[in-house]
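Spelled out, the chains give:
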Amino acid sequence: MTRTARRGLALATAITLLVASAACTGDDGGGGGGTVPGVTDTEIVVGTHMPLTGPASAGYSKIAPATKAYFDHVNANGGVHGRKITYKIMDDGYNPANTQQVVRQLVLQDKVFAILNGLGTPTHTGVLDFLKSNRVPDLFVASGSRSWDQPDRYPGTFGFNPDYTVEGKILAQHVKTSLPGRKVCFLGQDDDFGRDSLVGVEKVLGAGAVAAKQTYVTSNTNVAPQIGAFKAAGCQVVILATVPGFTALAVGTAARLNFTPQWLVSNVGADHPTLAKQLGAAAGLLEGMVGANYLPMQNDAADPWIQLFTKVNKEYNGDAPFDGNTVYGMAVGYLFVQVLLAAGKDLTREAVTEAVRKGGYQGPGLAPLRYSDTDHSGYGGQRLTRVSGGTQAYFGPTYETDEGDGPVREHTAPPVAPPANGVPTAS
């Protein structure tokens, strides 16, 4: 064999050994005995992007700290299969460009195991392909966009909130049955949030039933033109697909224009404590507002989940003001722990997404979770709320429906109670 041939053989052998070594010890992202990003024998590191500042920070900035507080409670009780959860929270200011930057940092630099509860329709949409290409589990997105329910296109992405079309149908059903004959108008965020909500409304009321339709962008806090158009059109009912800051802006602007419709508000923008704080002395304008929710009401001191979350909030979240965002954040944390337990001790990215797909999870929600191989949306229904005497409370039954033409029907199964120590166990 010539010297050149021997060198070529040696090089080929070295390359083969390197490839074999990489296959055995490299990051495969899903299993196969490789090193799993964000997972050691003692820790699981996950990350999120949240609007800690910016136009959507009112209320929403409280979600991730509440989730972290719940994880701290779990960690204090032994963690999950002996591992403690570390939650890296990054502020994106509800700006899609910032979201891409912080998510890349979480994945490429911080090497998180998964992205959990990243918030926002316009923000999270921009990182779907990046997370897919890097095989990062994209769990329980904090938005009701139907974009998260695309199992074939995004097999690792799962929603949490009821999708906005489901919600639009439930709100519209209330208009149809309790406010018949009223002139209905609609204000929605100028993205899939607003568009999906309007689809749901029109599925129940009909395409021609909405007398005036307006949109807003979060970079412009002047909604007087939109509210003025509703007043001019003689709207009696206004359905809002708005984040909390813009719910408050719409209600406050309407009052200045001496316009007093019946408000029906998306669950993501209807938390009364958040809105009352925004409106201050004008909080009375929220009286009679109808909203929707699918988790225990924050002021229901008799509810065992509220008792648990209040305790966790006091012990691990500095006893921060307790509202629906706190409940939401802890509910997300509870579900994530359930999924980690189901994924098993040999934790991989593939195992955790498969665990979500298997479904069957129950927790604080009033409506069922719908995870399966073919459904990556989250909760499948809601119950209506009303502000009366300055207090937000549920009324009527819980409803569930689909994002298609299925009926809006009552969901009668009662919610389950939390475990005694507030930490789920492996089934």
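Residues numbered from 1 in each chain as written. Predicted model: local features only at pLDDT ≥ 70, side-chain atom pairs only at ≥ 80, totals over all residues. Heavy atoms only, no water.

Within an unreviewed UniProt entry, the label attached to the protein chain reads ABC transporter substrate-binding protein, and the organism entered is Micromonospora reichwaldensis. As recorded by UniProt, the Sequence similarities (unreviewed entry) comment attached to the protein chain reads in full: "Belongs to the leucine-binding protein family." (UniProt positions renumbered as here; feature names shortened; annotations may be inferred.)

A. View of the packing of helix α7 (residues 164–178) against helix α8 (residues 192–205). Contact geometry for α7 and α8: axes closest at 7 Å, N-to-C directions at 40°. Classified by the angle their axes make, α7 and α8 are oblique. Of the two possible hands of crossing, α7 and α8 adopt the one that is right-handed. In contact with Y164, T165, G168, K169, A172, Q173, V175 and K176 of α7, α8 contributes F193, D196, S197, V199, G200, V201, K203, V204 and L205. (Axes fitted to C-alpha atoms, helices over the stretch in contact; angles between N-to-C directions. Helix = DSSP H or I, 4+ residues; strand = E, 2+ residues; numbered from the N terminus. Parallel < 35°, antiparallel > 145°, perpendicular 65-115°, else oblique. Left-handed = near helix turned anticlockwise from the far one by under 90°. Contact = heavy atoms within 4.5 Å.)

B. A look at the pairing of strand β11 (residues 381–388). Bridge analysis of strand β10 (residues 290–293) against β11 gives 4 bridges, and the strand direction is antiparallel. What sits directly across from N293, in β11, is R383. In this structure, β11 lies alongside strand β12 (residues 391–400), joined through 7 bridges in antiparallel fashion. Along β12, the bridge assignment pairs Q382 with Y399. Following β11, the chain reverses through 2 residues before pairing antiparallel with β12; G389 in that reversal takes a positive phi of roughly 65°. (Pairing = 2+ DSSP bridges.)

C. Summary view of the packing of helix α10 (residues 244–256) against helix α11 (residues 272–279). Where α10 meets α11, the axes come as close as 9 Å, and the angle between the chain directions of the two elements is 55°. Accordingly, the angle class assigned to the pair α10 and α11 is oblique. Between α10 and α11 lies a crossing whose hand is right-handed. Residues P244, G245, T247, A248, V251 and G252 of α10 touch α11, and the partners they reach there are T274, L275, Q278 and L279. Per-class residue counts for the contact of α10 with α11 are 5 nonpolar, 5 polar and no charged. (Nonpolar A, V, L, I, M, F, W, Y, C, P; charged D, E, K, R; others polar.)

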